Every structure is written in structure tokens, then in C-alpha cells.
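# Summary of structural features
Chain by chain, the residues:
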Amino acid sequence: MRKIIFGLFVAVVLSSGVMPVVGAEGLSDVKLTEEQKTEMASLHKELFDQKKMIISKYVEYGVFTEEKGQKIISHMDKHYDKLKENGFVPKWDKKHHNHQE
């Protein structure tokens, strides 16, 4: 009997810890100041430059083809442009579609 009560107690505690995380996803209301946007732009630019250097090294070492490397870099550039368009606030509310017919 104690095991059942303890198990239920643990389940309630663990499930209540998830609730605040779910409510924190409403980031669409957040607006960054120009200074914050500039700092985020700088950080993202550094990140993408590092990733591009890594991809270039993979191409150089033959892990990726030149086409694959350019495709990855192009995708990263599009991602950066999308972040810039959204004021460097990530959009987490992307809807995943069920591909079953």
C-alpha cells in the first residue's frame, strides 16, 4: 500500500513540475531592444561563421561534397535571415504536420 501511495505522490510531483515549462513557450510577445538585437545578431553571426568554417573543413576533408556543403551553408544563411526578420526572437510555435494519409 505504501508503494502505491508513494508512486502516486511521485507522479503528482513530477507532473506538476512540467506545467511551468509548458506555459513558458509563449515567446511571441517578447520584443528585444535595439541593443539586445545588436548583441544577438553579433552572437548569431559568430556562431554561423564558426559553423560555416566547420562545414568548409568537412568539404575539404571529403566528408561532404561541395554541393552538400553549399546546401548546408545556404540553409544556415536562410535561418539567419529568418532570425533577423523575427528580431532575433526564436519562433518555437512551429506546427508539425502529420504526414499520414
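As the structure is a computational prediction, the values presented were derived from the model and not from experiment.

## Remarks on the nonpolar core
In terms of nonpolar packing, the biggest core is built from six residues, these being Ala41, Phe48, Met76, Tyr80, Leu83 and Phe88. The set of elements that each furnish at least two residues to this core consists of helix H2 (34-61) and helix H3 (66-85). Here the element with the most residues in this core is H3; it accounts for three residues. In contact with Phe48, other than residues within four places in its own chain, are Met76, His79, Tyr80 and Leu83.

## Topic: the packing of aromatic side chains
One pair of aromatic rings is described through two measures. These are the centre distance and the angle between the planes. For the structure on display, the rule yields three aromatic pairs. With a centroid separation of 5.8 Å and 90 degrees between ring planes, the pair formed by Phe48 and Tyr80 is classed as edge-to-face. Pair noted here: Phe48 is in helix H2 and Tyr80 is in helix H3, with a separation of 32 residues, a long-range link. Taking the centre distance of 5.3 Å and the plane angle of 65 degrees together, the rings of Tyr58 and Phe64 count as edge-to-face. Residue classification places Tyr58 among the partly exposed positions, given a relative accessible area of 36%. Three or more aromatic residues joined by ring pairs make a cluster, and in this case those are Phe48, Tyr80 and Phe88. The residue whose ring lies beneath Lys45 is Tyr80, and the NZ or CZ to ring-centre distance is 5.7 Å.

## Observations concerning the side chain of His44
Mapped onto the fold, His44 is located in helix H2. Setting aside its immediate chain neighbours within four residues, His44 contacts Tyr80, Leu83 and Phe88.

## Topic: H2
With 28 residues, H2 extends 40 Å between its outermost C-alpha atoms, agreeing within 8% with the 40 Å of an ideal straight helix rising 1.5 Å per residue. The complete set of buried residues in H2 reads Ala41, His44, Phe48, Lys52, Ile55 and Val59. As for H2, its buried residues are in contact with H3. Residue Gly62 follows H2 closely and has a positive phi angle near 85 degrees.

## Thoughts on the pattern of salt bridges
Considering all chains together, one arrives at four salt bridges under this definition. In this structure, Glu34 and Lys37 form a salt bridge, with 3.7 Å as the shortest nitrogen-oxygen distance. Taken together, the residues Glu34 and Lys37, both in helix H2 and three residues apart, mark about one turn of the helix. Its relative accessible area of 58% is what places Glu34 among the exposed residues. Residues Glu60 and Lys57 are paired through a salt bridge, measuring 3.5 Å at the closest nitrogen-oxygen approach. In this pair, Glu60 and Lys57 are both assigned in helix H2, three residues apart and thus about one turn of the helix distant. Take Glu60: its relative accessible area is 56%, and that puts it in the exposed class.

Thresholds, definitions, all that
- Residues numbered from 1 in each chain as written.
- Predicted model: local features only at pLDDT ≥ 70, side-chain atom pairs only at ≥ 80, totals over all residues.
- Heavy atoms only, no water.
- Core = buried A, V, L, I, M, F, W, Y, C linked by side-chain atoms within 4.5 Å.
- Buried < 20%, exposed > 50% of the residue type's maximum accessible area, 1.4 Å probe, protein only.
- Helix = DSSP H or I, 4+ residues; strand = E, 2+ residues; numbered from the N terminus.
- Contact = heavy atoms within 4.5 Å.
- Phe/Tyr/Trp six-rings, centres within 6.5 Å; stacked < 30°, edge-to-face > 60°.
- Lys NZ or Arg CZ within 6 Å of the ring centre and 35° of its normal.
- Expected span 1.5 Å × (residues − 1).
- Salt bridge = Lys/Arg side-chain N within 4 Å of Asp/Glu carboxyl O.

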